[in-house]
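# Chain and residue survey
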Amino acid sequence: DAMVIQNPRYQVTQFGKPVTLSCSQTLNHNVMYWYQQKSSQAPKLLFHYYDKDFNNEADTPDNFQSRRPNTSFCFLDIRSPGLGDAAMYLCATSRDGLQETQYFGPGTRLLVL
Amino acid sequence: SQQGEEDPQALSIQEGENATMNCSYKTSINNLQWYRQNSGRGLVHLILIRSNEREKHSGRLRVTLDTSKKSSSLLITASRAADTASYFCATAGRARQLTFGSGTQLTVLP
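On a predicted model such as this, the values are computed, not experimentally measured, just so you know.

Thresholds applied
Residues numbered from 1 in each chain as written. Chains lettered and ligands numbered in written order. Predicted model: local features only at pLDDT ≥ 70, side-chain atom pairs only at ≥ 80, totals over all residues. Heavy atoms only, no water. Pairing = 2+ DSSP bridges. Helix = DSSP H or I, 4+ residues; strand = E, 2+ residues; numbered from the N terminus. Axes fitted to C-alpha atoms, helices over the stretch in contact; angles between N-to-C directions. pLDDT = per-residue confidence, 0-100. Contact = heavy atoms within 4.5 Å. Salt bridge = Lys/Arg side-chain N within 4 Å of Asp/Glu carboxyl O. Polar contact = N/O pair within 3.5 Å; in protein donor to acceptor, adjacent residues only side chain to side chain. Nonpolar A, V, L, I, M, F, W, Y, C, P; charged D, E, K, R; others polar.

### A short note on the sheet that holds strand β1 (residues 5-7) of chain B
Residue and element names in this part refer to chain B. Across the sheet, five strands lie side by side as β1-β3-β8-β7-β6; this open sheet has antiparallel pairing. Each of the sheet's edge strands pairs with one partner strand only, and the pair in question is β1 and β6 (55-58). For this sheet the average axis-to-axis angle between neighbouring strands, irrespective of direction, equals 15 degrees. Bridge analysis of β6 against strand β7 (residues 61-66) gives four bridges, and the strand direction is antiparallel.

What follows is the structure, given as structure tokens:
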């Protein structure tokens, strides 16, 4: 089935140790999004790609970077995780992004020790 | 900044009862969407209502939109224990992103 896949589902890292979360999609959608969601809060958009065009949200810390090597894959790199970066990270896609439905992966829960 | 605010923050009802959640937003929209999130999982799209629509149905879901009041409601009829989840509204403007509301945690007691 076409879907959005995130690996790993759970990630434990140490304070300051770089970590990469991955997302892949079989929907062939143009737009891929990364959200951060903390407990009992709304998802907060970090950035999105429209094809290869990267769009960063103004309040996304520099500690967060992203790569999209091809249509199917998108990575979230956290260069120096702090305790405050512990959260659920959600990847989503949409066909063209403009006022459309988004399709979410199951999320990766990040724990920072 | 967060566009949507939802109320109530938490709602607990008995199985078989109806559940109503409300969403308010601040700026003009193209459409408004509702998503569901089971604990520890990703969001699942439920229904989309366009700015020129006033009401939409999908199975046991009924969504209304009042653009003059900048508000929407989601009604789940004949609720089931499996409906227990967080429900988020999200508004779509002119850009490619959605802005999510704060969410309502619904608990349906068997």
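### What about the confidence of the model for chain B?
Summary statistics for chain B give a mean pLDDT of 92 and a share of 96% for residues scoring 70 or more. Predicted confidence in chain B is weakest over β1(B), with a mean pLDDT of 85, and strongest over β7(B), with 98.

### Considering the interface of chain A and chain B
Contacts between the two partners involve 25 residues from chain A, matched on the other side by 23 residues from chain B. Taken together, the links from chain A to chain B amount to zero salt bridges. Applying the counting criterion to the chain A and chain B interface returns six residue pairs in polar contact (both at pLDDT 80 or more). Secondary-structure elements contributing two or more residues to the side of chain A that touches chain B are β4 (31-37), β5 (44-50) and β9 (87-94) of chain A. Broken down by element, the side of chain A that touches chain B gets its largest block of residues, four residues, from β4(A). Class assignment of the residues belonging to the side of chain A that touches chain B gives a composition of twelve nonpolar, eight polar and five charged.

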